[in-house]
Amino acid sequence: MTTTSETAGQTMTTTPAGRNLTRRGLIQRAGVGAALVGVLFATGGTSAAQASTPSAPAAHAAPNLPPGDTSNGADNFYTSDKVTVQKVSFKNQYRMNVAGNLFIPKNVNRRTKNPAMVVGHPMGAVKEQSANLHATKLAEQGFVTMSLDLSFWGKSEGRPRNAVSPDIYAEDFSAAVDFLRTQTFVDKERIGALGICGSGSFVISAAKIDPRIKAVATVSMYDMGAANRDGLRKSLTLQQRKDILNQAARQRDAEFAGGPTAYTGGTPEQLTENSTATEREFYDFYRTARGYSPNTTTHPTLTSNVKFMNFYPFADIETISPRPMLFITGENAHSQEFSEEAYRLAGDAKELMIVPGAGHVDLYDRVNLIPFDKLTTFFRTNLK
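Since this is a predicted model, take the numbers as computed values, not measurements. (Residues numbered from 1 in each chain as written. Predicted model: local features only at pLDDT ≥ 70, side-chain atom pairs only at ≥ 80, totals over all residues. Heavy atoms only, no water.)

Asker: Could you give an account of the layout of surface pockets, naming the residues involved and the relevant values?
Answerer: To find leftover empty space, one rolls a probe the size of a water molecule over the atoms. Considered as a void within the structure, the largest pocket measures approximately 250 Å³ in volume. Broken down by element, the lining of the largest pocket gets its largest block of residues, 4 residues, from helix α8 (residues 336-345). Broken down by class, the residue content of the lining of the largest pocket amounts to 6 nonpolar, 1 polar and 6 charged. The space that makes up the second largest pocket amounts to roughly 220 Å³. Together, 13 residues line the second largest pocket, and Pro160, Arg252, Thr301, Thr303 and Ser304 are the ones closest to its centre. Listed by contribution, the elements that provide at least two residues to the lining of the second largest pocket are α5 (238-256) and α7 (302-305). Among the residues making up the lining of the second largest pocket, the classes are represented as 5 nonpolar, 5 polar and 3 charged. (1 Å grid on protein atoms, 1.4 Å probe; cavity = no way out; pocket = protein on both sides within 12 Å on 5 of 7 lines; lining within 4 Å. Points joined across faces, edges and corners; volume = space filled by probe spheres on them. Helix = DSSP H or I, 4+ residues; strand = E, 2+ residues; numbered from the N terminus. Nonpolar A, V, L, I, M, F, W, Y, C, P; charged D, E, K, R; others polar.)

Asker: Explain the nonpolar core to me, using residue names and the numbers behind them.
Answerer: In globular proteins that are soluble, nonpolar side chains generally tend to be buried together. Ranked by internal contacts, the top residues of the largest apolar core, which has 92 residues, are Leu180, Ile204, Phe327, Leu375 and Phe379. It is helix α2 (residues 166-181) that contributes the most residues to this core, 9 residues altogether. Setting aside anything within four residues of it in sequence, one finds Leu375 in contact with His134, Leu138, Leu194, Ala217, Val219, Leu326 and Ile328. Core analysis: the second largest hydrophobic core is formed by 5 residues, Ile244, Ala248, Val306 and Met309 among them. (Core = buried A, V, L, I, M, F, W, Y, C linked by side-chain atoms within 4.5 Å. Buried < 20%, exposed > 50% of the residue type's maximum accessible area, 1.4 Å probe, protein only. Contact = heavy atoms within 4.5 Å.)

Asker: Residues and numbers for the environment of Gly100, please.
Answerer: Within the secondary structure layout, Gly100 lies in strand β6 (residues 97-105). In this structure, Gly100 is in contact with Gln86, Lys87, Val88, Lys127, Ser147 and Leu148, ignoring residues within four places of it in sequence.

Asker: How would you summarise the pattern of salt bridges if you had to cite specific residues and measurements?
Answerer: Applying the stated criterion to the full structure yields 16 salt bridges. Among the salt bridges present, the one from Arg287 reaches Glu269, with a minimum N-O distance of 2.9 Å. Linking Arg287 in the loop between α6 (277-286) and α7 with Glu269 in the loop between α5 and α6, this pair joins segments that are 18 residues apart in sequence. What makes Arg287 buried here is its relative accessible area of 4%. Each of Asp69, Asp362 and Arg366 takes part in salt bridges that share partners, so that together they form one network. (Salt bridge = Lys/Arg side-chain N within 4 Å of Asp/Glu carboxyl O.)

Asker: Lay out the environment of Phe179 in plain terms, naming residues and giving numbers.
Answerer: Examined against the element boundaries, Phe179 turns out to sit in helix α2. On a C-alpha basis, the gap between Phe179 and Asn92 in space is 9.6 Å, while along the polypeptide they are 87 residues apart.

Asker: How would you explain the packing of aromatic side chains if you had to name every residue and give the values?
Answerer: Inspection of the entire model under this criterion finds 12 aromatic pairs. Seen from the ring of Tyr343, Lys350 lies directly overhead, with NZ or CZ sitting 4.7 Å from the centre. (Phe/Tyr/Trp six-rings, centres within 6.5 Å; stacked < 30°, edge-to-face > 60°. Lys NZ or Arg CZ within 6 Å of the ring centre and 35° of its normal.)

Asker: I'd like to hear about the pairing of strand β5 (residues 83-91), residue by residue, with values.
Answerer: Relative to β6, β5 runs antiparallel, the two sharing 9 bridges. What sits directly across from Val88, in β6, is Gly100. Here β5 hands over to β6 after 5 residues, with Arg95 in that stretch at a positive phi of 65°. (Pairing = 2+ DSSP bridges.)

Asker: I'd like a description of helix α3 (residues 199-209), backed by residues and values.
Answerer: Given 3.6 residues to a turn, an α-helix orients residues that are three or four positions apart in the same direction. Of all 11 residues in α3, 9 are buried; the element is thus mostly enclosed. Within α3, the full set of buried residues consists of Ser199, Gly200, Ser201, Phe202, Val203, Ile204, Ser205, Ala206 and Ala207. Residues of α3 that are buried make contact with β7 (114-120), α2, β9 (186-196), β10 (216-219), α4 (224-230) and β11 (325-330).

Asker: Talk me through the packing of helix α1 (residues 131-139) against helix α10 (residues 372-382); I want residue IDs and the actual numbers.
Answerer: The N-to-C vectors of α1 and α10 enclose an angle of 65°; their axes lie 10 Å apart at closest approach. Crossing handedness for the pair α1 and α10: right-handed. Residues Leu133, His134, Lys137 and Leu138 of α1 form the contact with α10, whose own contacting residues are Phe372, Leu375 and Thr376. Of the residues belonging to the contact of α1 with α10, the class tally is 4 nonpolar, 2 polar and 1 charged. (Axes fitted to C-alpha atoms, helices over the stretch in contact; angles between N-to-C directions. Left-handed = near helix turned anticlockwise from the far one by under 90°.)

Asker: Mind laying out the pairing of β7, listing which residues take part and the relevant values?
Answerer: Counting buried positions over the 7 residues of β7 gives 7, a clear majority of the element. Going residue by residue along β7, you find Asn114, Ala116, Val118 and Gly120 tucked away on one face and Pro115, Met117 and Val119 tucked away on the opposite face as well. Here β7 runs beside strand β8 (residues 144-148); their pairing, made up of 5 bridges, is parallel. Pairing of Val118 across the sheet is with Met146, part of β8. Remark: the β7/α1/β8 crossover connection has right-handed handedness. (Right-handed = clockwise from strand over helix to strand, strands pointing away.)

Structure (structure tokens):
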């Protein structure tokens, strides 16, 4: 396992001898009017320009789903007899109800103040997909944790459904901190945040303007702004970006005139012989019993998804310092570049962990690969 850390200007790198870091190859998809290379959503690998769905895609029925690949301890729906779970709801500053699950260790002393954290789900997912698992595992270690549905998704409010609004997503994290700070058994000054996949960029955006978030960790992070502006490895040309914007603009006209809502990106509903490795990776989680949830399709609306083009979560990321940051990514993750870039730009007290043998989605639910010990140590150390 490779761990690179920097505190107060000191850098340490430890790499096992002979390990060869690799990255998934670029993925090529034919888009509308142009071949778009590597434009992947954290929700499933479909090109941003492939977006002609006239109505909300129907979610798969839960029965008769394939089991999916459950190797390496995949356990998305893990529950613990050491933790109590309470459904909660609170309002963000836009007066929208945000739905969450509050996880409280059964052995916690409610007469004392305890460290806590907010856990955000992958972009286009819901709290029942990956976030609950991470929140449960960290609650077992003594933290009060909360998973939440970002606005417009799951059981949280927001119309239209599946809308993209990076500003409101970041606000949801701060609203969750508002809630946690009202709990008598939570220490107001010891609250952290964990973002998985797209939520990794949203929690960074929140932490930049909310100093109450005392420590930030990300797992399999996607910079949703860069992924949509530039594609993976900056594979999207300026003309291709403009084609996407023009398509969204035409769709705005159509919907304003009463036409049906169009959706884009997300995990494919079906695989074909031409499906890419990354599409198959996401499909195996979202469209099988391994990670399926009836409350989401993963497809954002086409007209709102272009708002990610104006989203720059890493701008001024260094201002979060001296609050610590931990970036965890897989050795084989196609999204590895985003964690590496965030680490490069962040200020002092930062750490990058690369998990051997892990891909992007592996760190959603494969408990034998997710470094829960590292997350526990990071938050325990930095939420003293």
